[in-house]
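Listed below, chain by chain, are the residues.
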Amino acid sequence: MGNLGKRERYYLMLLGIVVVVLLIYYFGIRNLGIKHDELVATRSQLQAQLDYYEALKTQNDEALAQINQLKLDISDVEGRFLPYITSEAIEQYVLKTFEDAGCPYLVSVSAEDVSMPTVTLPDGTTAVDRLVVKRIIVQYSTTDGFNIAEYNRSTSVVDHGEIDEEAWNAYLDEMYWHGSASIVGYQEFLDALATIEAENEDCIKINKIGVQAEGGYTLLSAEIDFYSATFNNRVSEPNMNAPYITWAGDSSFDTAGGFVGRPFVIDNPASEWFGVLMSDSEAQEGNRPFSTYYSDAIFEASVTTIGLAETLEIGDTPVPDEVPEE
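These numbers were taken from a predicted model, which means no experiment stands behind them.

What counts as what
- Residues numbered from 1 in each chain as written.
- Predicted model: local features only at pLDDT ≥ 70, side-chain atom pairs only at ≥ 80, totals over all residues.
- Heavy atoms only, no water.
- Salt bridge = Lys/Arg side-chain N within 4 Å of Asp/Glu carboxyl O.
- Helix = DSSP H or I, 4+ residues; strand = E, 2+ residues; numbered from the N terminus.
- Patch = residues over 30% accessible without salt bridge, like charges linked within 9 Å, V, L, I, M, F, W, Y side chains within 5 Å.
- Areas by Shrake-Rupley, 256 points an atom, 1.4 Å probe, with all protein chains shown as cover.
- Pairing = 2+ DSSP bridges.
- Axes fitted to C-alpha atoms, helices over the stretch in contact; angles between N-to-C directions.
- Contact = heavy atoms within 4.5 Å.
- Parallel < 35°, antiparallel > 145°, perpendicular 65-115°, else oblique.
- Left-handed = near helix turned anticlockwise from the far one by under 90°.
- Nonpolar A, V, L, I, M, F, W, Y, C, P; charged D, E, K, R; others polar.
- Expected span 1.5 Å × (residues − 1).
- Buried < 20%, exposed > 50% of the residue type's maximum accessible area, 1.4 Å probe, protein only.

A. Region of interest: the pattern of salt bridges. By the definition in use, this model includes seven salt bridges. Asp100 is paired through a salt bridge with Lys96; the nearest N and O atoms lie 2.8 Å apart. In this pair, Asp100 and Lys96 both sit in helix α2 (residues 87-100), four residues apart, roughly one turn of the helix.

B. Focus on a nonpolar patch on the surface. Among the surface-exposed residues, Tyr186, Ile209, Val211 and Val260 lie close enough to one another that they form a single nonpolar patch of about 320 Å² accessible area. Relative to the assigned elements, Ile209 resides in strand β5 (residues 204-213).

C. Geometry of the sheet that holds strand β2 (residues 130-141). With antiparallel pairing, the four strands of this open sheet are ordered in space as β1-β2-β6-β5. Where the open sheet ends on each side, the last strands, each with one partner, are β1 (106-114) and β5. Between one strand and the next, the sheet's axes are offset by a mean angle of 15 degrees, whatever the strand orientation. The pairing of β1 with β2 spans eight bridges and is classified as antiparallel. Its bridge partner being in β2, Val109 is matched across the sheet by Val138. In the packing of α2 onto the sheet, contacts are made with β1, β2 and β6 (218-230), and the angle to β2 comes to roughly 40 degrees. Where helix α4 (residues 186-199) meets the sheet, its contacts fall on β2, β5 and β6, and the angle it forms with β5 comes to roughly 170 degrees.

D. Layout of the packing of α2 against α4. Between α2 and α4, the shortest axis-to-axis distance is 8 Å and the interhelical angle comes to 135 degrees. Here α4 runs oblique to α2, going by the angle between their axes. For the pair α2 and α4, the sense of crossing is right-handed. Between α2 and α4, the contacting residues are Tyr93, Val94, Thr97 and Phe98 on the first element and Phe189, Ala192, Leu193, Thr195, Ile196 and Glu199 on the second. Broken down by class, the residue content of the contact of α2 with α4 amounts to seven nonpolar, two polar and one charged.

E. Up close: α4. With 14 residues, α4 extends 20 Å between its outermost C-alpha atoms, agreeing within 8% with the 20 Å of an ideal straight helix rising 1.5 Å per residue. Considering only its buried residues, α4 is in contact with α2, β2, β5 and β6.

F. Summary view of α2. In this model, α2 (14 residues) spans 20 Å end to end at C-alpha, consistent with the 20 Å of a helix rising 1.5 Å per residue. Contact partners of the buried residues in α2: β2, α4 and β6. Once α2 finishes, Gly102 follows within two positions and takes phi at roughly 90 degrees, a positive value.

G. Expanded view of the environment of Val158. Among the secondary structure elements, Val158 is positioned in strand β3 (residues 158-159). Along the chain, Val158 and Trp168 lie ten residues apart, while their C-alpha atoms are 8.8 Å from each other. Once residues lying within four places of it in the same chain are set aside, the contact partners of Val158 are Arg153, Ile163 and Tyr293.

H. Quick peek at the side chain of Asp296. For Asp296, the position within the fold is in helix α6 (residues 293-306). The class for Asp296 is buried, based on a relative accessible area of 16%. Excluding residues within four positions of it along the chain, Asp296 makes contact with Asn147, Asn287, Arg288 and Ser291.

Okay, structure coming up:
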């Protein structure tokens, strides 16, 4: 090196610098570039995975929201049915409702299962779920405006095995024609049915109402359906077009002079039958389930002996050849 000239030493140093730079690039910068490219590619892959999981998370949130909404919808539908049927509990509820409405003169009550068709799914298979309907059938009696009504021995004249003469005479004093306006039971019967159906309009339906005129009083009957179901997976919509939703019949008839059943004497001045008295034989029909046994016996004996007009103490009143149309 000592024999080299100044120029040769300069070139040698320059060559050394170039070699060092090349070594630094090859073993340093170049490797760093390759590593950077790898890191960029890795980041892109990780970012793609992150975007995928973020999208999956959003879909899961939407799916969870849909599941929660479906649960709410299913719960709403399930709430439209009784959770289960207990006949004795339903009967107890029905009888108490009629009693609270002022219609306590029960003639009969029974319960029966209503056969319902199976549910066919859109794919043609039969659903494992089924509708369960329990029908409560009741019959009540109105009063007749003359005889002494009794509910749960409320007007009994027997006290510890002996007749209470004071009570007996008081009840006898009340045995006269109080007028058809005093007959109770019909409106109270309708009020009770309205209360029952309004209790749960989705799962309680009035299936049928019947009216049967007897000797001065009326027998009123109703069939009340209570809906339950056995559900596994249930989806349904209520039928808002059913006939019980709104009245679809004619409402233009004048009923001012009409009457439900037939009283002993028609005392409504607006009626075509105003002042007409029931015949003795018709007045004695039926067993008067609303009445005390002694009141009914006295009434029957009095009508047989002196006739209905004298029994009611209303004097002579025309008796029709035929009964008016109901």
